[in-house]
Amino acid sequence: MSAIEIAGLGKTFGSGKQSVHALDHLDLSVPESTVTALLGPNGAGKTTTVRILATLLQPDQGSARVLDHDVAQEPDTVRRLIGLSGQFSAIDENLTGRENLWMFGRLYGLASPEARQRSAELLDLFDLVEAADRPAKTYSGGMKRRLDLAGALVAHPRVLFLDEPTTGLDPKSRLELWGVIRDRVEQGVTLLLTTQYLEEADALADSIAVIDNGKVIASGTSDELKSDVGGERIEVVIHDTAQLGAAREAVARAAECDVEIDERLRRLTGTACDGSATLVQVIRELDAANIGIDDIGLHRPTLDDVFLTLTGHVAEPASAAADDSVTQEVAS
Amino acid sequence: MTTAESTGVGRAHPVTDSLVLVWRNLKRLPRQPDMVVYGTIQPIMFVVLFAYVFGGSISVGGTNDASTYREFLMGGIFAQTMAFSVASSSVGLADDMSKGLIERFRSLPIARGSVITGRVVGDLTFNAFVLLVMVGCGFAVGWRIRGSLWEAALAFLILLGFTFAMLWIGALIGLSVRSVEVASSAGLIWLFPLTFISSCFVDPAYMPGWMQPIAEWNPISAVALAVRDLFGNPVGDTGDGFPSDHPVLLSILYVVAITAVFSWLAVRKYQRTTAR
């Protein structure tokens, strides 16, 4: 059974000329105990998808099921099975860390002693013991995010939604949070996370769904997506522009492929079929032709390349708050 | 590993959920002493302003006696202060909205009305404290309870009931606006004309003829008159008609009607926002 099953999901905000198709027949299936990343730029529909799955928003078309419960038909059942941590640290800043967790525990239906015990466990797990009895408003951004995530885990959810969990965090806090998330996943939680950071998807997810304009435009493991774009590439920057022609012939002989030339950067790019063997061969050919090399290397396609190849535009990690700016409209 | 499989989460318990959220709303008070100070300073200011600045030139029931006016004034100040409690729930809920807490609460398996109920009951407790401060303030300017204990108890009950009703209006406002700033002005702006075109501070007998019925039927007037009546304080020239003959009954009807309509609207607003 899939933990999450989304079929033909559609959602439009507003009407007439101003309407925005946030989701356009989105399909997605997430097997139990796996991590799937929804990767896409701002406004791609990531947050809308999570909000529908977390029962906060009704879809216009299609269906979304969590552990075989329809989110629109059985929201109460779904709410008992999920944990949600959003783009903002949704914690009560006037309460201490411990009080926040106790409150979420109680609201998830735990008895008071149980909630207290669970809070202590989570504070320990998330390295918040020292700050546990300080009001959360004194916490750093990273601590607030950890507390927020701990709140989502109070009732041992089977499915966890993390909406841009590390947006706005400094690199150190981001790495710490990744560690915590990986730990949870090892416990068997099914995780759906959204991110606009390609490296984040790469670091955490078993499988990645690239979405753009409310549709899944590609999916697979990080390696599969990269190989879709093509194998390793060899890049050479030569010293003298005048030698570009000779260099092209040399590289073509070695790599047995078409060579692209960027004159301004004095750069030649080709496919490296045999990986490092090709690289060695290219160096030999260039050396034999007496062509000076400024830089040379093998280049595995990054998810940036994947995104560029798939969408024709570069993923822009703009301000996080702008993603699905419809959030506010919906809330009002 | 049982952690991931356990679903030790029971059904929603409206009372427990609401109480946990009341606890949350009260817990923050000692941590925001500035809020408590400003919450009580405004009504005290009104007492001082009207008792000593305007009081001398306002006549009540045909007399210009300053001490009569001060006793008359307190019933109005109580009603006004409790009406202004609207701002506490409107600002509180707008703040929770802007911080993403309402959204978070919505994703939890809790009873629908519990978030707003928790807010309203928490604010009611805070405003009961404000009322206590006002009573002390009243004693300081010469106001006294001259009726029976039972009547006084009923008067306090009406004031708290009125606060409860007004807090639901505040809840609807808080859930409808987009920012905390708007919530605080939208929560209060309409209350200024409402409290001044009432018997809170002046005797409606001195208002223009067309305005008198508005002032008499105004819920705030009804509450002010009811508590003046019950505390045995001067009531001014009330004239006759239903509002002046049955202020206690009218106040209770207003409290019930406002609570019924606005709690329904506020919970519906909360659900709508959920469902869209």
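About the cut-offs
- Residues numbered from 1 in each chain as written.
- Chains lettered and ligands numbered in written order.
- Predicted model: local features only at pLDDT ≥ 70, side-chain atom pairs only at ≥ 80, totals over all residues.
- Pairing = 2+ DSSP bridges.
- Helix = DSSP H or I, 4+ residues; strand = E, 2+ residues; numbered from the N terminus.
- Axes fitted to C-alpha atoms, helices over the stretch in contact; angles between N-to-C directions.
- Contact = placed C-beta atoms within 7 Å.
- Parallel < 35°, antiparallel > 145°, perpendicular 65-115°, else oblique.
- Left-handed = near helix turned anticlockwise from the far one by under 90°.
- Nonpolar A, V, L, I, M, F, W, Y, C, P; charged D, E, K, R; others polar.
- pLDDT = per-residue confidence, 0-100.

A. Just the pairing of strand E4 (residues 61-66) of chain A, in detail. Residue and element names in this part refer to chain A. Taken together, the five bridges between strand E1 (residues 2-13) and E4 define a ladder with antiparallel strand orientation. Looking at E4, one finds that Gly10 is bridged to Gln61. The hairpin formed by E4 and strand E5 (residues 69-70) contains two residues between the paired strands, and Leu67 there has a positive phi angle of roughly 45 degrees.

B. View of the sheet that holds strand E12 (residues 260-262) of chain A. Residue and element names in this part refer to chain A. Taken together, four strands build an open sheet; the order of strands is E12-E13-E11-E14 and the sheet is antiparallel. Of all the strands in the sheet, the pair left with one neighbour each is E12 and strand E14 (293-299). Strand-to-strand twist of the sheet, defined as the mean angle between neighbouring strand axes without regard to direction, takes the value 15 degrees. Note: strand E11 (residues 233-238) against strand E13 (residues 267-271), five bridges, orientation antiparallel. Paired with Val237 across the bridge in E13 is Arg267. Set on the sheet, helix H9 (residues 244-255) makes contact with E11, E12 and E13; between it and E13 the angle comes to about 15 degrees.

C. Structural context of the packing of helix H5 (residues 141-153) of chain A against helix H6 (residues 171-186) of chain A. All names here are of chain A. One can describe the packing of H5 onto H6 by two numbers: an axis separation of 10 Å at closest approach and a directional angle of 15 degrees. One finds that H5 runs roughly parallel with respect to H6. In the crossing of H5 with H6, the sense of the turn from one axis to the other is right-handed. Contacts from Gly141, Gly142, Arg145, Arg146, Leu149 and Leu153 of H5 reach H6 at Ser173, Glu176, Leu177, Val180 and Arg184. Considered class by class, the residues forming the contact of H5 with H6 number four nonpolar, three polar and four charged.

D. Geometry of the confidence of the model for chain A. Residue and element names in this part refer to chain A. Per-residue pLDDT for chain A averages 84, and the proportion of residues at 70 or more is 92%. Predicted confidence in chain A is weakest over helix H12 (residues 326-331), with a mean pLDDT of 38, and strongest over helix H3 (residues 97-107), with 95. Here residues 317-332 is a poorly scored stretch, pLDDT under 50, and it has 28 contacts once near neighbours within four places are set aside; other chains count.

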